[in-house]
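# Observations on the model geometry
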Amino acid sequence: MIRVTPNLHGRLVMAFVAIFLLGCSKPGYWKNNDISEGKRDDMHELNDKALDLIKKGDTEVLESLLSKELIAENSTDARVKNIGHALVTDTFKRIDEYYVVNKYLGADTIKSQLKDVNAYSLIYPAVTQEMYFMHFIQAKKEVPNKQIITIGYAKYSYGWKIGFMDMQPYGFNGKNAQELYKTAQEQYNKGQLIDALNNMNLAIVSLRPSELWVYDNEAEVHRFYNKVTVDAAKVYKFPTPVDDLLSRPYIISINNKTTREGSFPQITYVTKVKLKDTAAIKAENLLIRKALIKLMPGIDKNNQYIYYLAYNQQPTSENYLERYDMVDKLW
C-alpha cells in the first residue's frame, strides 16, 4: 500500500494542475492580428456587450458578465461608474489586445514586443488557463489628456467573465508618459526646472496606464523624477517672493491644473492688493507674468496656458479663503 503524505499530496496536486494545463492547450500569448480570427471575433462580441452595459449603467445585467471575485470587490461599482462616464463622454477605440494560455496559475507576464521606449509588460495574476486582455483609448486626436481602459477576461468553469477592469491616465497635452519624460529631459538640460518638474509630475501620473501595465524603463523614469525634484527644491524654496514688484507678492505653490484642454501650471500666490479691487489685482498680475519669465525660464514658451490663484492670506487645508482666479493664454 502506498501512503500519501501531506507533502506528497501537495506535490501530486501541483503536478496534476501542471499536466492539466499543459494538456488543455499550448501555453503562450498572441497579440492583435496574431490571435485567431474566430477567437478575436468571439471576444469582441462579448466585449461589445459588456461595454454597452457599462455605458448604460446597467449593473444588474452586467453582473452576469463579471467574475464572482470581481462582483465581491468593493471597488468594482466605482470602477464601472468611472468607465461608464468616460464611455458616454468620449469615443474609445481598441488598441493592443492579447490572448494568453497560461502554463501555470499564479503571477505571469506578457511582453508588448515593442522595440522602443514605449515597450511595456502586462504583469497579471493568472487566475485561469485562458485569458484575454484589451486596451481602449480615446479615438479623437483633439483630446489632449488620454486615458486607457483595460478589460481583462478569464475563462472560468462558468464561462468567459470579466476578471479585471480599470481606467488610468495614458498621457497629457497630447503626449504619453515616455514623451513627457523626453520633453522634461530637454527642458532640464536648458535649465527650465519648473517645466521639467511639471512634465515629470505628469509623466509619473501616466506611467501606469493600467495597474497591470509596466513600462520597461519605469525605474529609469523614477530616478530622473527624483533628480529633478531635488534640483528644483534647491532653486525654488516656497514661499518665493517676486522681488521685481514693489508690492512684494509671494508664490506659495506651483502645480498642474488639468482641464479638457490639457494640463498646465497653476501658480498660487499671496498679494497685499485687496481682492475686491479687481482692476489692481489684474494690473499686478500682468507684472507678475513678466517677472516669471526671469524667475522661471521657459515657462512662457512651453505652456499654452498659465493659471493664477491670488489670495490675501495663505490658504490651508482647514480654511476657505476668498481668491481671485486668472488665466494667461499664451497661444
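Residues numbered from 1 in each chain as written. Predicted model: local features only at pLDDT ≥ 70, side-chain atom pairs only at ≥ 80, totals over all residues. Heavy atoms only, no water.

Across its full length, the protein carries ten helices and 14 strands. Relative to the 2.2 N^0.38 estimate, which gives 20 Å for 331 residues, the radius of gyration of the protein is 26 Å and therefore markedly larger than a compact globule would have. If one aligns the C-alpha atoms of the protein with their principal axes, the spans along those axes are about 95 × 40 × 40 Å. Across the 331 residues of the protein, 46% fall into the buried class. In the protein, the share of contacts with a sequence separation of at least 24, taken over all contacts with a separation of at least 6, comes to 62%. When the accessible surface of the protein is summed, it comes to about 18200 Å², and 54% of that surface belongs to carbon and sulfur atoms. Averaged over its 43 positive side-chain charges, the protein has a centre that lies 4 Å from the centre of its 39 negative ones. (Helix = DSSP H or I, 4+ residues; strand = E, 2+ residues; numbered from the N terminus. Rg over C-alpha atoms; globule rule 2.2 N^0.38 Å. Buried < 20%, exposed > 50% of the residue type's maximum accessible area, 1.4 Å probe, protein only. Contact = heavy atoms within 4.5 Å. Areas by Shrake-Rupley, 256 points an atom, 1.4 Å probe, with all protein chains shown as cover. Lys, Arg positive; Asp, Glu negative; His and termini not counted. Charge placed at Lys NZ, Arg CZ, Asp CG, Glu CD.)

This part covers the sheet that holds strand S13 (residues 305–311). The strands that make up a sheet pair up through hydrogen bonds in the backbone, lying either parallel or antiparallel. Taken together, five strands build an open sheet; the order of strands is S10-S11-S12-S13-S14 and the sheet is mixed. Of all the strands in the sheet, just strand S10 (240–241) and strand S14 (323–329) have a single pairing partner and so form its edges. Taken together, the nine bridges between strand S11 (residues 250–259) and strand S12 (residues 262–270) define a ladder with antiparallel strand orientation. By the bridge assignment, threonine 259 is partnered in S12 with glycine 262. Running at roughly 40 degrees to S11, helix H7 (residues 193–205) makes contact with S11 and S12 of the sheet. Contacts from helix H9 (residues 278–295) reach S10, S11, S12, S13 and S14, with the element oriented near 50 degrees to S14. (Pairing = 2+ DSSP bridges. Axes fitted to C-alpha atoms, helices over the stretch in contact; angles between N-to-C directions.)

Packing of helix H6 (residues 177–189) against helix H8 (residues 218–235) brings their axes to within 11 Å, and their N-to-C directions diverge by 35 degrees. Crossing geometry of H6 relative to H8 is assigned as left-handed. From H6, Tyr181, Ala184, Gln185 and Tyr188 reach across to H8, where they touch Glu220, Val221, Phe224, Lys227, Val228 and Asp231. A per-class count over the contact of H6 with H8 returns six nonpolar, one polar and three charged. (Left-handed = near helix turned anticlockwise from the far one by under 90°. Nonpolar A, V, L, I, M, F, W, Y, C, P; charged D, E, K, R; others polar.)

Keep in mind these numbers describe shape, not what the thing actually does.
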